[in-house]
There are 2 protein chains.
Amino acid sequence: MNRPQPVEKMIEIIKRLPGVGPKMAERLSYHILKMSQSEADKLIHAIQVAKKVMKYCSNCYNFSEQDPCKICSDMTRDHRTLCVVETPQDLIAVSKVKEYHGLYFVLGNALSPLDAIGPEDIRINELIKRLENASISEVIIATDTDSKGEMTAVYIAKVVKTLNIKVTRLGYGLPVGGDIEYADEVTISRAIVGRQEM
Amino acid sequence: MNRPQPVEKMIEIIKRLPGVGPKMAERLSYHILKMSQSEADKLIHAIQVAKKVMKYCSNCYNFSEQDPCKICSDMTRDHRTLCVVETPQDLIAVSKVKEYHGLYFVLGNALSPLDAIGPEDIRINELIKRLENASISEVIIATDTDSKGEMTAVYIAKVVKTLNIKVTRLGYGLPVGGDIEYADEVTISRAIVGRQEM
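Residues numbered from 1 in each chain as written. Chains lettered and ligands numbered in written order. Predicted model: local features only at pLDDT ≥ 70, side-chain atom pairs only at ≥ 80, totals over all residues. Heavy atoms only, no water.

So, the overall build of chain A
For step 1, the next point in the chain: Scanning chain A from N- to C-terminus turns up seven helices and six strands.
For step 2, the next point in the chain: Seen in sequence order, chain A has helices and strands lined up from the N terminus as α-α-α-β-β-β-α-β-α-β-α-β-α.
For step 3, the next point in the chain: Over its C-alpha trace chain A gives a radius of gyration of 21 Å, far above what one expects of a compact globule, namely 16 Å for 198 residues.
For step 4, the next point in the chain: If you line up chain A on its principal axes, its C-alpha atoms span 65 × 45 × 35 Å. (Helix = DSSP H or I, 4+ residues; strand = E, 2+ residues; numbered from the N terminus. Rg over C-alpha atoms; globule rule 2.2 N^0.38 Å.)

Here's what the structure looks like:
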């Protein structure tokens, strides 16, 4: 017996979500079928509301209920420093740090030649436009420290430097609370290079 | 910065789905935000259609577009044999086997005292009613072979026997295509007990 067509269709669409394999999609679909109608309505409503209300901020490309977003329109912040991140989730992580009071720019992606993600997919033109129209004096690159993030950082740095703007990258080193025994060689070597006087 | 409330709400609701942790819920939510509106509409539509169209068959409790379902109303099948499974997914798995031509009954759950899932949560009353009203001569128990499934099998067998109906359980042994070297002791011991003449 095959699955009924409406179930098959739901599984097929849920399977396209990131990190969801065929088995997981099946499990989620049957769970949704088992849900009460009111629970399912809540799920649908939450998605519909979020899709309707959340837009891209035309300055920083974070998701926001207003444009420009709260951060971009907050005049108490330092409007001369721009932190470049890959995703809105990364922005949330950096924004929890009290040391940073500047603005943000969300690339939306990291360069990845193997996945055919090139410069045109990481909002490089939007970033250049932003830097040309605003008086930014420092760009802090906070992309991931994996190979895609590194490649992206190098590329962004090259572009930003041509605009005569200072570029920095988040410092490398040992994560706080970490165990040196388990740190990898590359991280330790970066931590030695970036050692600080006590 | 906290996440905007509509995003927070979507994450909170998606987090309740089985096998979805907080990070996964965040990832799925931001993916949905990034989706085009038409893609998001497809997702919502697939869920809405499936929820609207798929109902429980009042005979076997599988999800179906009609009641009784196609299997229960198929008079070419053997209506004297009933295969009891935990979930609709298990039913699909068994139904792919050509050797079985009987009917099904979906418990919806397995007994699990630690999760407070007792006999009233596995449709035991519905099963008894079904057995009393139909002329079933054999019940084949096809619950999982983990501890919950075993416990459920033992319980169902006890109940079915009081109705003077033959009860069988799927045979234990080595999975086909398996490597004896990697089989666990319990499985090998069951395979020896269930050995067959060649």
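Now that the structure is up, let's keep going.
Details of the domain arrangement of chain A
For step 1, the next point in the chain: Per the domain assignment, the segments making up chain A are domain 1 (5-53) and domain 2 (63-169).
For step 2, the next point in the chain: Each of domain 1 of chain A and domain 2 of chain A has a C-alpha centre, and the two are 33 Å apart. (Domains from an automatic or database assignment.)

A word on the interface of chain B and chain A
For step 1, the next point in the chain: On the chain A side, the residues contacting the 52 residues of chain B number 52 residues.
For step 2, the next point in the chain: Across the interface of chain B and chain A, roughly 4700 Å² is buried in total on both sides, 73% from carbon and sulfur atoms.
For step 3, the next point in the chain: The tally of links between chain B and chain A comes to zero salt bridges.
For step 4, the next point in the chain: For the interface between chain B and chain A, the tally reads eight residue pairs in polar contact (both at pLDDT 80 or more).
For step 5, the next point in the chain: Taken together, the elements giving at least two residues each to the side of chain B that touches chain A come down to helix 1 (5-14), helix 2 (22-34), helix 3 (37-53) and helix 4 (88-95) of chain B.
For step 6, the next point in the chain: Looking at the side of chain B that touches chain A, the element that brings in the most residues is helix 3 of chain B, giving 12 residues.
For step 7, the next point in the chain: By residue class, the composition of the side of chain B that touches chain A is 31 nonpolar, 12 polar and nine charged. (Contact = heavy atoms within 4.5 Å. Buried area = accessible area lost by both parts, 1.4 Å probe. Salt bridge = Lys/Arg side-chain N within 4 Å of Asp/Glu carboxyl O. Polar contact = N/O pair within 3.5 Å; in protein donor to acceptor, adjacent residues only side chain to side chain. Nonpolar A, V, L, I, M, F, W, Y, C, P; charged D, E, K, R; others polar.)

Some remarks on the pattern of salt bridges
Residues and elements named next belong to chain A.
For step 1, the next point in the chain: Counted by the stated rule, this structure contains 14 salt bridges over all chains.
For step 2, the next point in the chain: The partner of Glu8 in a salt bridge is Arg3, with the nearest N and O atoms 3.3 Å apart.
For step 3, the next point in the chain: Note that Glu26 and Arg3 form a salt bridge whose closest N and O atoms lie 3.2 Å from each other. Of this pair, Glu26 sits in helix 2 (residues 22-34) while Arg3 sits in the segment before helix 1 (5-14); the two residues are 23 residues apart in sequence, bridging distant segments of the chain.
For step 4, the next point in the chain: Its relative accessible area of 10% is what places Glu26 among the buried residues.
For step 5, the next point in the chain: Here the salt bridges share partners, and the residues they tie into one network are Arg3, Glu8, Lys23 and Glu26. (Buried < 20%, exposed > 50% of the residue type's maximum accessible area, 1.4 Å probe, protein only.)

Quick word on the nonpolar core
For step 1, the next point in the chain: Judged by nonpolar contacts, the single largest core of 46 residues is most densely connected at Ile14(A), Val20(A), Ile14(B) and Val20(B).
For step 2, the next point in the chain: At the level of secondary structure, the elements contributing two or more residues to this core comprise helix 1, helix 2 and helix 3 (37-53) of chain A together with helix 1, helix 2 and helix 3 of chain B.
For step 3, the next point in the chain: Non-local contacts of Val20(B), meaning those with residues more than four positions away in its chain, are made with Met24(A), Leu28(A), Ile14(B), Lys15(B), Ala25(B) and Leu28(B). (Core = buried A, V, L, I, M, F, W, Y, C linked by side-chain atoms within 4.5 Å.)

Re the packing of helix 1 of chain B against helix 2 of chain B
The relative placement of two packed helices is expressed as an angle between their axes plus a distance between the axes.
All names here are of chain B.
For step 1, the next point in the chain: Two elements in contact, helix 1 and helix 2, have axes separated by 9 Å at closest approach and are oriented at 130°. Looking at the two axes, helix 1 sits oblique to helix 2. Crossing of helix 1 against helix 2: the hand is right-handed. Across the interface between the two elements, Val7, Met10, Ile11 and Ile14 from helix 1 touch Ala25, Glu26, Leu28, Ser29, Tyr30, Ile32 and Leu33 from helix 2. (Axes fitted to C-alpha atoms, helices over the stretch in contact; angles between N-to-C directions. Parallel < 35°, antiparallel > 145°, perpendicular 65-115°, else oblique. Left-handed = near helix turned anticlockwise from the far one by under 90°.)

Describing the sheet that holds strand 6 (residues 166-169) of chain B
Residues and elements named next belong to chain B.
For step 1, the next point in the chain: Taken together, the four strands give an open sheet; going across it, the order is 4-3-5-6, and neighbouring strands pair in parallel fashion. Where the open sheet ends on each side, the last strands, each with one partner, are strand 4 (103-106) and strand 6. Across the sheet, the mean angle from the axis of one strand to that of its neighbour is 25°, orientation sign disregarded.
For step 2, the next point in the chain: Bridge analysis of strand 5 (residues 138-141) against strand 6 gives four bridges, and the strand direction is parallel. (Pairing = 2+ DSSP bridges.)

Section: the pairing of strand 4 of chain B
Residue and element names in this part refer to chain B.
For step 1, the next point in the chain: A two-sided burial pattern is seen for strand 4, the buried positions comprising Leu103 and Phe105 on one face and Tyr104 and Val106 on the other.
For step 2, the next point in the chain: Alignment of strand 3 (residues 81-85) against strand 4, held across four bridges, turns out to be parallel. Opposite Leu82, over in strand 4, you have Leu103 as the bridge partner.
For step 3, the next point in the chain: For the segment spanning strand 3, helix 4 and strand 4, crossover handedness is right-handed. (Right-handed = clockwise from strand over helix to strand, strands pointing away.)

Describing the sheet that holds strand 4 (residues 103-106) of chain A
All names here are of chain A.
For step 1, the next point in the chain: Ordered by their spatial adjacency, four strands build an open sheet running 4-3-5-6, and the pairing between neighbours is parallel. Looking along the sheet, the strands with just one partner apiece sit at the ends: strand 4 and strand 6 (166-169). Each adjacent strand pair in this sheet contributes to an overall mean axis angle of 25°, direction not counted.
For step 2, the next point in the chain: Its contacts with the sheet place helix 4 (residues 88-95) against strand 3 (81-85) and strand 4, and it is angled at close to 160° to strand 4.
For step 3, the next point in the chain: Taken strand by strand, helix 5 (residues 124-133) contacts strand 3, strand 4 and strand 5 (138-141), and its axis lies near 155° from that of strand 4.

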